[in-house]
Amino acid sequence: MSGLQTGETTGATILDVAALAKVSIRTVSRVINRSKFVNAETRSRVEAAVEELGFRPSLRARGLATGRSYLIGLVHDERNALVLHSVQRGIAAEASRRGCELVVHPVPAGQEPSVDDVLAFLARSHVDGIVIPPTLSGLRGLAEALAEVKAHVVAMSSAHIDGYEAMVLSNEREAVGQAARYLIELGHRQLALIAGPAGFHSTRERRAGFVDAVQGAGAELVGEVAGDYGFESGVAGASRLLDSLPRPTAIFASNDIMAAGVLKAAAARNIAVPGELSVVGFDGSPLADMVIPALTTLQRPMESMAQDAARCLLDMIEGVPTPMRMHATVTLRVGESTGPSPALPRP
């Protein structure tokens with residue numbers, strides 16, 4: 001390392017850190033660059049000096065010393081801003097803790113996701129690795145293409161995808177089954193589903209969890225429509241279901257945004273929720289608490305999943321042994337939008 005590496009936000013230099021910690025500049029550099037060849041006591045002393053002086057080494061100087069950019073990428077096609085916010089927060093928290101910055105690349109507006117677009121981002125951004133959340137992680141051919149260029153990648157998904165070395169998985173099929181059984185325990189026997197877009201892993205997993213649980217309990221799936229995870233598709237899908245006979249007493253919508261659309265369609269028909277209709281969503285996003293009544297929803301811990309993905313990615317980059325498969329638990333959060341079936345006798 002040549003010259004005196006200067007902190008980005010203070011006037012302190014690496015020489016100041018070395019003097020305060022009573023070590024060489026080379027040792028400080030090793031600590032900053034997370035070398036394994038520094039003992040715990042020395043590392044602690046250097047880190048204390050860094051904190052006291054407020055020293056923050058420039059990414060450019062670190063990159064010159066290590067051959068890394070200290071940038072990690074998030075490539076996504078997520079239209080739900082609330083979900084995307086959670087993902088970005090999780091990755092950014094771990095990246096910041098590890099001295100890295102986050103670069104976000106959305107699929108270009110109005111375009112379908114493509115393998116070439118992801119590879120082009122990798123080539124021009126020089127990120128050290130990328131996190132790919134659903135639904136982009138399921139793009140056909142993407143895992144194989146990234147493996148071919150030897151990119152460091154961690155994918156997030158509701159189901160295993162061949163080709164990815166490292167994944168963070170959420171148990172969505174099992175969790176949706178739990179939600180269906182909860183509705184059945186409330187006495188609902190005529191249930192309906194608003195599924196997600198065809199071809200998505202999340203659509204397949206959530207649909208299978210719901211349908212298997214309903215059929216396994218001897219209840220009836222009286223209607224099923226496909227949505228696109230958008231609000232208007234929730235309104236349109238619920239309108240079809242609520243205008244059909246027999247009318248369902250409970251609807252599971254495959255995300256919270258479509259569940260909010262169900263509430264709108266029910267209100268337009270003066271159908272009381274939960275008195276005449278119970279509604280369950282998926283994601284556990286802040287939206288679930290913003291609508292009236294507050295949604296019963298399946299809480300998917302996207303922020304902690306994203307932080308786990310970033311931790312795994314940085315460990316891979318730094319050569320630290322790390323689990324290649326991590327699992328997150330989706331849990332049912334009961335709100336105000338579910339209640340006993342109207343077919344049950346009232347007290």
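Notes on the structure in this doc start here. From a predicted model like this one, the values you see are computed outputs, not experimental measurements. (Residues numbered from 1 in each chain as written. Predicted model: local features only at pLDDT ≥ 70, side-chain atom pairs only at ≥ 80, totals over all residues. Heavy atoms only, no water.)

Focus: the overall build of the protein chain
Spelled out, the test is: Put simply, DSSP marks the helices as runs of H or I at least four residues long and the strands as runs of E at least two long, and each gets a number from the N terminus on. The contact rule is simple, with two residues in contact once any of their heavy atoms fall within 4.5 Å. What sets the accessible areas is the Shrake-Rupley method with a 1.4 Å probe; for residues, cover comes only from the shown protein chains.
If you tally the helices and strands in the protein chain, you get 13 helices and 12 strands. Overall, the protein chain is about 80 × 45 × 30 Å in size when its C-alpha atoms are taken along their principal axes. Considering only residue pairs separated by 6 or more positions, the protein chain has 72% of its internal contacts joining residues 24 or more positions apart. With the model as given, the accessible surface of the protein chain reaches about 15,800 Å², and the carbon-plus-sulfur share is 53%.

Some words on the pairing of strand E6 (residues 190–195)
If a strand is regular, its side chains alternate between the two faces of the sheet. Applied cut-off: Think of it in three bands: with a 1.4 Å probe and only protein chains considered, a residue is buried below 20% of the maximum accessible area for its type, exposed above 50%, and partly exposed in between. In this analysis, strands are considered paired if DSSP registers two or more bridges between them. Consider the strands pointing away from the viewer: the crossover is right-handed when the path from the first strand over the helix to the second runs clockwise.
Counting buried positions along E6 gives 5 out of 6 residues, so the element sits mostly inside the fold. Bridge count between E6 and strand E7 (residues 220–226): 6 bridges; the pairing is parallel. Residue pairing in the sheet places Leu-193 in a bridge with Glu-224 of E7. In this fold, the crossover linking E6 to E7 by way of helix H9 (residues 201–216) has right-handed handedness.

Quick word on the packing of helix H1 (residues 14–21) against helix H2 (residues 25–32)
For clarity, the cut-off: Simply put, an axis is a line fit to the C-alpha atoms, just over the touching stretch for a helix, and the angle between two N-to-C directions goes from 0 to 180 degrees. Angles below 35 degrees are treated as roughly parallel, those above 145 as roughly antiparallel, those between 65 and 115 as roughly perpendicular, and all remaining angles as oblique.
Between H1 and H2, whose axes approach to 9 Å, the crossing angle comes to 105°. The angle between the axes of H1 and H2 places the two elements in the roughly perpendicular class. Residue-level inspection shows Ile-14, Leu-15, Val-17 and Ala-18 of H1 in contact with H2, the latter providing Ile-25, Val-28, Ser-29 and Ile-32.

Here we look at helix H8 (residues 172–185)
As a reminder, the rule being used: What a helix should span is 1.5 Å times the count of its residues minus one.
Taking 1.5 Å per residue, 14 residues should reach 20 Å; H8 reaches 20 Å between its end C-alpha atoms and fits that length. Turning to H8, its buried residues are Glu-172, Ala-175, Val-176, Gly-177, Ala-179, Ala-180, Tyr-182, Leu-183 and Ile-184. Residue Gly-187 follows H8 closely and has a positive phi angle near 100°.

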